[in-house]
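This is what each chain is made of:
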Amino acid sequence: MSKPMDVEQEPKIDDALYSRQLYALSHETMKKITSTSVLVVGLQGLGIEIVKDLSLAGVKSVTLYDKELVEIKDLSSQFYFSPEQVGKVGRADACFQKVVDLNNYVRIDVHNGELNDEFLKKFNVVVLANQPLALQLKVNEFCHANKIHFISVETRGVFGQLFNDFGEQFTITDTNGENPNSYMISSISQDKEGIVTVVEEQKLQLLDGDLVTFKEVNGMSALNDLPPQKIKTISPLTFSIGDTTNLPPYTSGGYVTEVKQPKVIDFKPLKNILESGENIFITDDFKFTQPTNLLIGFQAIHKFAEKNKHMPRPHNKEDANAVVEIAKGFLKADDELDEKMITQLSFGAQGDIVPMQAILGGITAQEVLKACSGKFTPIHQIAFFDSVECLPEDLETLPEEEFQPIGSRYDGQIITFGKTLQSKIENLNYFLVGAGAIGCEMLKNFAMMGLGAGPKGMVHVTDMDTIEKSNLNRQFLFRSSDIQQLKSQTAANAVKVMNPSLNVKAYSLRVGPDTETHYNEEFFNSLDGVCNALDNVEARLYMDSQCVYYGKPLLESGTLGTKGNTQVVVPHLTESYSSSRDPPEKGIPVCTLHNFPNAIEHTIQWARDTFEGLFKNNADNVNSYLTNPAYVQSLKTQNPFLRLETLSSIKASLMDRPLDFNQCIAWARLKFEEYFNNNIEQLLYNFPKDMVTTTGTPFWSGPKRAPTPLKFDVENPLHLDFIVAAANLRAYNYGIKAEVNIDAIKKQAANVIVPDFTPKKVKIQTSENEPAPSTNTQQASDAEDDQCDTILSQLPQPSEMAGYKINSIQFEKDDDTNHHIDFITATSNLRATNYAITPADKHKTKGIAGKIIPALVTTTAVVAGFVCIELIKVIQSKALEKYKSTFMNLGIPFFGFVEPIAAPKNKIREGWTWTLWDRFDIDGDITLKEFLDLFEKKHGLDISMLSCKVTLLYALFTDKKAKEERLKMKISQLYETLSKKPLPKDKKYLLLEICCNDTETGDDVDVPSVRYKYN
């Protein structure tokens, strides 16, 4: 059985579908991936996670092999099985059609024959998921001998193991996937050491022995022609390259760029690794005994299964003791057996939980992609994972009956955690914010876990976005037929198919202050927790503040290519998401952007800003002028220079509006001249190429690159690209039909009469510390005011143009037909040509201009798995040290697990501390006097100031008469009177802030806020 496929041909990469993945992997890597055939043996939850991720990633083909009939326990994590298939259909056949639907570009086959040598030779990579050790050893031996990449992986309850064998002399072409570091040169010494100094804007991220190449070096230009040179780092800004005494002296310019070197490693067969215990990859630096014990433990449970024809029974102490005894037989002289860990492994050996399948499945799929592409560093060679922290604290003493299967789809989870915890999971109420990549994975995990599937349970999911084609590569609940549908509702419908018992409500309302009438107090009080699956910091911070206010746990996560992180926020235990923030991104200085770019990122940002100004802001300004009577008055709040700029653009947009497409071409041709010739001529007039500063150094040195004006050439494809894109966008602004005939556009552009340019005497800002030219003098300001008045007198009155509007263009990066990225690419590359900067292709430009975040389905799956592990701990109210924040990079690979930071304590007085989770609660509307007395008598606090948001309700310095009046008023009345706003009808509380002194010491003390119930 297979999905039909066209005749073999060079695989074409669908950029629209794989967009986000391409930014993490590259086109070259994708070509290798799309030429790879993979066999996956074992189609329970672990196997299907691997298959799902590989299908979405776009391998050439995936063959499914599992002839065992579907069992009810499989439904604990196998999201493509249904209860109707139990005992009737083979596992591979049962999920075939669902896998086919994942990606039209991937061939899917089912093999029902034998796993013989001839069959195995068809594949580039063979993956065994949860298979007997004897089969792992047999297949690995054959694959190693025949240069077939082999991976075996298994999960047993909360334990997991992964083994890689990619053969001898496996070449890693790119160890980390990061862009090669490049630095601008400040100087190169002419001596035995040859010291290279880079400009201070960048700190070196190079190591001793790294190789680098040089380009655009002046004076010591011979360096530009040398092969890669080995370096020795000296300081954060310097490194040596060896003897440069025979080279001419360095004068200016130049870049040095890291050269990535391939790395070759050898893999050994599984049999050798099990015997020697070498090549163990450490996944958790804090679990010192875990690797050796689990290496023994996994062999022990397989030996037990081989002898007894079944894995150890759930929570059966007799079987566990037998496994411990077997394990002792594998011990080496210096090893110590952790009997508790081996017992836990035995207790849950038949366990099957979706978080572990997601983690191990996602990691395995990424290892397959490494095997077929050489991109990123593979796990070398065997790795162990566990999440014993989420097991019940009283696991050892709970009765065996608690963990026995009951013929339920959740049996795999019951075997691992017990019936009591399963019941709690089913009756949870959770709010999932976001139904994108992480959101889809979380919903799938919730459905398999049964979270919200009980009589009192519910999953609420919200996402205001609709589905786009680029989502289909990693948001696996969506299909091409769902494009333009709401994500939240589509995702909810999809997981209801996976588990019809799931109670799920979908919303399309964003979270924020404007939707608090919907996501109100009643809504939050009904929740057991919140899971964020968001892609912006603002919404994350808002949800964090709501969780702190309502005292709800928050599960937070994010991904960036192969990197991922998770954070668990637990009320009264940990700090909140907002407690620690990443430093803000460093922006590009304005003068660099406008006049002195030195990197392609600078020209792309300039092009993006130009797009916004020409095709959106100008249109918005005109439309505001024509429709908003107060618009002209509002402009007076701007500084005169900006006001003049805005009014000039309105005048040009209205009085020079095109009547046909030829006029759009003429406009585009003049814009070319303005941007790439005239502005450059003006810059060189102000700062000639031979100019020196007051210190005697060339002005055009260091980060400043001397530009060259461009002469328009209609036969130059880049020049023509700009004209075509700019003219089409101008035509859209004015509702003019575009011309598609390129020859006609070329002819018209060539015939445009371009006025001669004469440079003017103008001031140009050369550094951030200089004042902008527009703010220099009052005289200049007055002159600009006069010009503004003149333009206003020339503009047509809005009444004369009633109903007229210009179409404002909203930037859309994912539509290849709208000319947006075409314009930005051409504009950026023309400016790059001005400044002799290496241009960027459309793909790279789109990534930078659109601020596209690289994304991989593998990372997303793993992150969602780790989030669910923490969720299981939250349900059990674990101690702080049991929780883990995860930092990982599947590419290097790296896994870091750290204990969350405890909520910092603030001291009021001896024996009384508080954290961000604490507050004073006052239930019932009382007078200000009663409020003050309450705090003095009950808490020993003398309130000196009381406020609500921006309204000051009480202060010691308030005059006597006003104070006496206010003391008699109820707080609710006081708020309405002073704020001049009615009390919110949809809320019951006001949040009050107080300043106070300790009545015992008289000291000022920091105290938590007051939640005041007035309704």
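In this convention, every chain numbers its residues from 1, walking through the sequence in written order. Where local features are concerned, this predicted model is filtered to residues with pLDDT of at least 70; where side-chain atom pairs are given and counted, the filter is 80 or more; whole-chain, interface and lining totals use all residues. Just so you know, side-chain values use all the structure's heavy atoms and leave hydrogens and water out.

Bringing the packing of aromatic side chains into the picture now. Paired rings are identified among Phe, Tyr and Trp, the last through its six-membered ring, by centres lying within 6.5 Å, and are further divided according to the angle between planes into stacked (under 30 degrees), edge-to-face (over 60) and tilted (the rest). Overall, the coordinates contain 43 aromatic pairs when judged by the stated rule. Measuring from ring centre to ring centre gives 5.6 Å for F722 and F823, while their planes differ by 35 degrees; the resulting arrangement is tilted. With F722 in helix α23 (residues 717–733) and F823 in helix α26 (residues 820–834), this residue pair connects regions lying 101 residues apart in the sequence. Accessibility here uses a 1.4 Å probe with only protein chains present; expressed as a share of the type maximum, an area under 20% marks a residue as buried, one over 50% as exposed, and anything in between as partly exposed. A relative accessible area of 1% places F722 in the buried class. Measuring from ring centre to ring centre gives 6.4 Å for F931 and Y1012, while their planes differ by 65 degrees; the resulting arrangement is edge-to-face. Of this pair, F931 sits in helix α29 (residues 928–939) while Y1012 sits in strand β33 (residues 1010–1013); the two residues are 81 residues apart in sequence, bridging distant segments of the chain. Helix and strand definitions here come from DSSP, where helices need a minimum of 4 consecutive H or I residues and strands a minimum of 2 consecutive E residues; each element is numbered from the N-terminal end.

What follows deals with the nonpolar core. One broad trend across soluble globular proteins is that nonpolar side chains are buried collectively. Counting residues in hydrophobic clusters, the biggest one holds 164 residues, and the most contacted among them are L54, L64 and L477. Broken down by element, this core gets its largest block of residues, 12 residues, from helix α28 (residues 857–875). Apart from the residues within four sequence positions on either side, L477 is in contact with C440, L443, D482, A491, A494, V495 and M498. By nonpolar core we mean a set of buried residues, namely Ala, Val, Leu, Ile, Met, Phe, Trp, Tyr and Cys, connected to one another through side-chain atoms within 4.5 Å. Within the second largest apolar cluster, 67 residues are counted, among which are F611, Y631, Y675 and A749. Note on contacts: a residue pair is in contact if any heavy atoms of the two residues lie within 4.5 Å.

Between H380 and Q381 the backbone carries a cis peptide bond, its omega angle lying at 0 degrees. Examined against the element boundaries, Q381 turns out to sit in the loop between α11 (354–373) and β17 (382–386). The linkage connecting I892 with the following residue, P893, adopts the cis geometry, with an omega of -10 degrees. You can see P893 is positioned in the loop between β24 (885–889) and β25 (894–898). One non-glycine residue, A836, lies in positive phi territory at about 55 degrees. Its location among the elements puts A836 in the loop between α26 and α27 (842–849). Overall, the relative accessible area of 45% leaves A836 in the partly exposed class. In the Ramachandran plot, K980 falls in the positive-phi region, its phi being about 60 degrees despite a non-glycine side chain. Examined against the element boundaries, K980 turns out to sit in the loop between α31 (971–979) and β31 (989–998).

Another aspect to go through is the sheet that holds β25. Pairing between two strands requires that DSSP report at least two bridges joining them. With respect to topology, 8 strands assemble into an open sheet ordered β20-β19-β18-β21-β22-β23-β24-β25, the strand pairing being mixed. Pairing within the sheet leaves two strands with one partner each, and these edge strands are β20 (504–507) and β25. Averaged over all pairs of adjacent strands, the angle between their axes in this sheet comes to 10 degrees, without regard to strand direction. Inspection of the sheet shows β24 paired to β25 by 5 bridges, in the antiparallel sense. Pairing of F887 across the sheet is with G896, part of β25. Orientation is described by axes fitted as lines to C-alpha atoms, over the contacting stretch for helices, and by angles from 0 to 180 degrees between their N-to-C directions. Where helix α15 (residues 487–498) meets the sheet, its contacts fall on β19 (458–462) and β20, and the angle it forms with β20 comes to roughly 165 degrees.

Below, the discussion takes up the side chain of S77. Of note, S77 is situated in the loop between β2 (61–65) and α4 (91–100). A distance of 2.6 Å separates polar atoms of two side chains, one belonging to S77 and the other to D352. Those residues within four positions of S77 in sequence are excluded, and the remaining contacts are G45, I48, D352, I353, V354, Q357 and M448. Between N or O atoms, a polar contact is any pair within 3.5 Å; within protein, one atom must be a potential hydrogen donor and the other a potential acceptor, and residues adjacent in sequence are included only when both atoms are from side chains.

Next up on the list: the confidence of the model for the chain. Per residue, pLDDT measures the predictor's confidence, with a range of 0 to 100. In this model, the chain carries a mean pLDDT of 93, and residues with pLDDT of at least 70 account for 98%. For the stretch residues 2–8, pLDDT sits under 50, and the model shows 14 contacts to residues farther than four places along the chain or on other chains.

What follows deals with the packing of helix α22 (residues 661–686) against α23. Two numbers describe a pair of packed helices, the interaxial angle and the distance between the axes. Put simply, α22 and α23 touch, their axes get as near as 8 Å, and they point 125 degrees apart. With respect to α23, the axis of α22 lies oblique. In the packing of α22 onto α23, the handedness of the crossing is right-handed. Every residue of α23 that contacts α22 at F661, C664, I665, W667, A668, R669, K671, F672, Y675 and F676 is listed here: H719, F722, I723, A726, A727, N728, R730 and A731. Here the residues of the contact of α22 with α23 sort into 13 nonpolar, 2 polar and 3 charged. Between 65 and 115 degrees an angle is taken as roughly perpendicular, under 35 as roughly parallel, over 145 as roughly antiparallel, and anywhere else as oblique. Note: crossing handedness is left-handed where the near helix turns anticlockwise from the far helix by less than a right angle, and right-handed where it turns clockwise. Just so you know the grouping, Ala, Val, Leu, Ile, Met, Phe, Trp, Tyr, Cys and Pro go in nonpolar, Asp, Glu, Lys and Arg go in charged, and all remaining residues, Gly too, go in polar.

Within a beta sheet, neighbouring strands are joined by backbone hydrogen bonds and run either parallel or antiparallel to one another. Strands sit in the order β11-β10-β14-β8-β9-β13-β12 across an open sheet of 7 strands; the sheet is antiparallel. Sheet topology places β11 (229–230) and β12 (232–235) at the edges, where each strand pairs with a single neighbour. Direction of pairing for strand β8 (residues 182–188) relative to strand β14 (residues 255–259): antiparallel, over a ladder of 3 bridges. Its bridge partner lying in β14, S182 is registered against T257.

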